[in-house]
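Below are the chains, spelled out letter by letter.
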Amino acid sequence: MAIGNSDLPSFPMARRCPHHPPPEYAELRAQGAAVRVSFLGTPVWAITRHAEARDVLTDSRVSTDPASPGHPFGALAATADRMAGQLTDMDPPDHSAHRRMLISEFGVRRIREMEPDIERLVDGLLDGMAASGAADLVEAYGLPVASAVMCQLLGVPERDHAFFHDRACAMLGGVFSSRDADVARMEILAYLDDLVRSHEPGQNGIIDRLVTIRRDTGEPTHEAIVGMCFMLLLAGHHTTATMIPLGVYTLLDHPDQLAQLRAKPALWPAAVDELLRFHSIVDWMSFDRVATADIDVSGERIHAGEGIFVLGAAANRDERAFTRPDDFDIHRRSRHHLAFGVGIHQCLGQSLARAELEISYRRLFDRFPTIRVDAPADGLVFKYDAAMFGLQELPVTW
Ligand code: HEM
């Protein structure tokens, strides 16, 4: 049956608790794997279960391009300027061509090479925090770690790191007015434009790689290089910056499991994946799709031109895929979670993100064995209805 406009549940739904996705997700998941909801007055499909979420995200008859007819963000896309190089909004073959240019910068070997630098910069931040005896881990740790790694990844010169950090936080942090965020966005774009234009090949980082590819093959265009760098910043900065304090908070909230991690550091990789599954900070908004042909999902027919949101946070709590899904358990095997998506758009930066998170958590807890939250239980502010769930601040002391 095609989507009709009846009394559909209103979407999106807000989180109300630091430990769980919106409570309505469990009801939608019980109702079916593909459920119709009303997104700002327009009917769209919500995919609620793990197996079907995988099916939809790997189906070549599903597009992520906002310009595809019926895409849930189509109206917005029609009014916005389209920036070149946005992998997240591209279908094959353009998507494959652009992703191929970046892939070697994100391989496991490349990330292993980056790890000593990440450790150094994390230790530097911890040194800075040590003297004061207290800190807000959002401002003093999550955001600067994410900015510094992004500078290293792109190849932003040392002298510009402070500017880059300041502007990235103003653009993505959500604590500034949207006018400040717009100004910061324009400043970052102008900065990247200059940096790419003046770049001399032979240095480190993604800009160097892309400029070298262009010198050798004529592609990608200058605009596409700037667009790809900007897209990486959008995809990789705030995600990691958000997960760092959120993970610390969750581990402090589960002291028995934190004690096991301290006793047996080999448990860290599984713990990082469990944190990613448990919080699923990247939810429906990044899993925006549209069917380009009729597809069947668990007995429901999704017609060509009908919009889809995959509810990553619902799929990651699906009891068909995870035992006791609402429990936080570092011992579970959770690597098949969908916190990084799946299919051709699966997170390109996932190895880097895992490395950043593990290093940030491990080194913080090693350095400050007595660290604790410095606020009453009901004194923390969570961003329940933001595009990305997270903490506004995480005051800690040690
Ligand atoms: C906690 C950290 C992170 C999370 C939870 C996360 C999550 C995701 C998810 C769910 C997607 C898939 C969206 C879709 O299917 O449309 C994605 C895509 C992507 N991510 Fe990440 N991400 C993280 C960190 C990073 C980092 C550090 C980078 C790089 C610096 C990065 C770069 C990308 C890129 C380039 C894509 C688009 C891939 C494509 O469309 O082909 N991400 N991410």
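Computed from a prediction, not measured in an experiment: that's the story for all the values here.

1. Some points on the sheet that holds strand 10 (residues 372-373)
Part 1 of the argument: In space, the three strands of this open sheet follow the order 5-11-10, with antiparallel pairing throughout. Two strands in the sheet have a free side with no partner beyond their single neighbour: strand 5 (134-136) and strand 10.
Part 2 of the argument: Bridge count between strand 10 and strand 11 (residues 395-397): two bridges; the pairing is antiparallel. When the bridges of strand 11 are listed, Val 373 appears paired with Val 396.

2. What about the pairing of strand 6 (residues 288-291)?
Part 1 of the argument: Neither face of strand 6 is exposed, since Asp 288 and Val 290 on one face and Arg 289 and Ala 291 on the opposite face are all buried.
Part 2 of the argument: Pairing between strand 4 (residues 62-63) and strand 6: two bridges, direction antiparallel. Bridge assignment links Ser 63 to a residue of strand 6, and that residue is Val 290.
Part 3 of the argument: Taken together, the three bridges between strand 6 and strand 9 (residues 307-310) define a ladder with antiparallel strand orientation.

3. Some thoughts on the packing of aromatic side chains
Two measures describe an aromatic ring pair: the distance that separates the ring centres and the angle between the ring planes.
Part 1 of the argument: Counting across every chain of the model gives 17 aromatic pairs.
Part 2 of the argument: Judged by centre distance (5.4 Å) and plane angle (55°), the ring pair of Phe 163 and Tyr 191 falls under tilted. With Phe 163 in helix 7 (residues 161-172) and Tyr 191 in helix 8 (residues 178-197), the pair connects residues that are 28 residues apart, well separated along the chain.
Part 3 of the argument: On the basis of relative accessibility, which here comes to 12%, the residue Tyr 191 falls in the buried class.
Part 4 of the argument: Three or more aromatic residues joined by ring pairs make a cluster, and in this case those are Phe 11, Phe 39, Phe 73, Trp 284 and Phe 309.
Part 5 of the argument: Above the ring of Phe 322, the side-chain terminus of Arg 277 is found at 5.1 Å from the ring centroid.
Part 6 of the argument: Here Arg 317 stacks its cationic end above the ring of Phe 278, 4.3 Å away from the centre of that ring.

4. A word on the environment of Glu 306
Part 1 of the argument: By the secondary structure assignment, Glu 306 is in the loop between strand 8 (300-302) and strand 9.
Part 2 of the argument: Assessed through its relative accessible area of 10%, Glu 306 is described here as buried.
Part 3 of the argument: Considering only alpha carbons, one finds Glu 306 and Asp 294, twelve residues apart in sequence, at a separation of 9.0 Å.
Part 4 of the argument: A distance of 2.9 Å separates a polar side-chain atom of Glu 306 from the backbone nitrogen of His 303.

5. Some remarks on the packing of helix 6 (residues 137-154) against helix 7
Part 1 of the argument: With their axes 10 Å apart at the nearest point, helix 6 and helix 7 run at an angle of 120° to one another. If you check the angle between helix 6 and helix 7, you find them oblique. Remark: the crossing between helix 6 and helix 7 carries right-handed chirality. In this structure, helix 6 contributes Leu 143, Pro 144, Ser 147, Met 150, Cys 151 and Leu 154 to the contact, and helix 7 contributes His 161, Phe 164, His 165 and Cys 169.
Part 2 of the argument: Classifying every residue of the contact of helix 6 with helix 7 by side-chain character gives seven nonpolar, three polar and no charged.

6. Examining unusual backbone geometry
Part 1 of the argument: Here the amide bond leading from Pro 92 into Pro 93 is cis, since omega sits at 5°, within 30 degrees of zero.
Part 2 of the argument: Relative to the assigned elements, Pro 93 resides in the loop between helix 3 (74-79) and helix 4 (94-102).
Part 3 of the argument: With an omega of -5°, the peptide bond between Glu 219 and Pro 220 qualifies as cis.
Part 4 of the argument: Its location among the elements puts Pro 220 in the loop between helix 9 (206-217) and helix 10 (222-252).
Part 5 of the argument: Of note in the backbone geometry, Leu 40 takes a positive phi value of approximately 50° without being a glycine.
Part 6 of the argument: Along the chain, the position of Leu 40 falls in the loop between strand 2 (34-39) and strand 3 (42-47).

Reading the values: the criteria
Residues numbered from 1 in each chain as written. Predicted model: local features only at pLDDT ≥ 70, side-chain atom pairs only at ≥ 80, totals over all residues. Heavy atoms only, no water. Pairing = 2+ DSSP bridges. Helix = DSSP H or I, 4+ residues; strand = E, 2+ residues; numbered from the N terminus. Buried < 20%, exposed > 50% of the residue type's maximum accessible area, 1.4 Å probe, protein only. Phe/Tyr/Trp six-rings, centres within 6.5 Å; stacked < 30°, edge-to-face > 60°. Lys NZ or Arg CZ within 6 Å of the ring centre and 35° of its normal. Polar contact = N/O pair within 3.5 Å; in protein donor to acceptor, adjacent residues only side chain to side chain. Axes fitted to C-alpha atoms, helices over the stretch in contact; angles between N-to-C directions. Parallel < 35°, antiparallel > 145°, perpendicular 65-115°, else oblique. Left-handed = near helix turned anticlockwise from the far one by under 90°. Contact = heavy atoms within 4.5 Å. Nonpolar A, V, L, I, M, F, W, Y, C, P; charged D, E, K, R; others polar.

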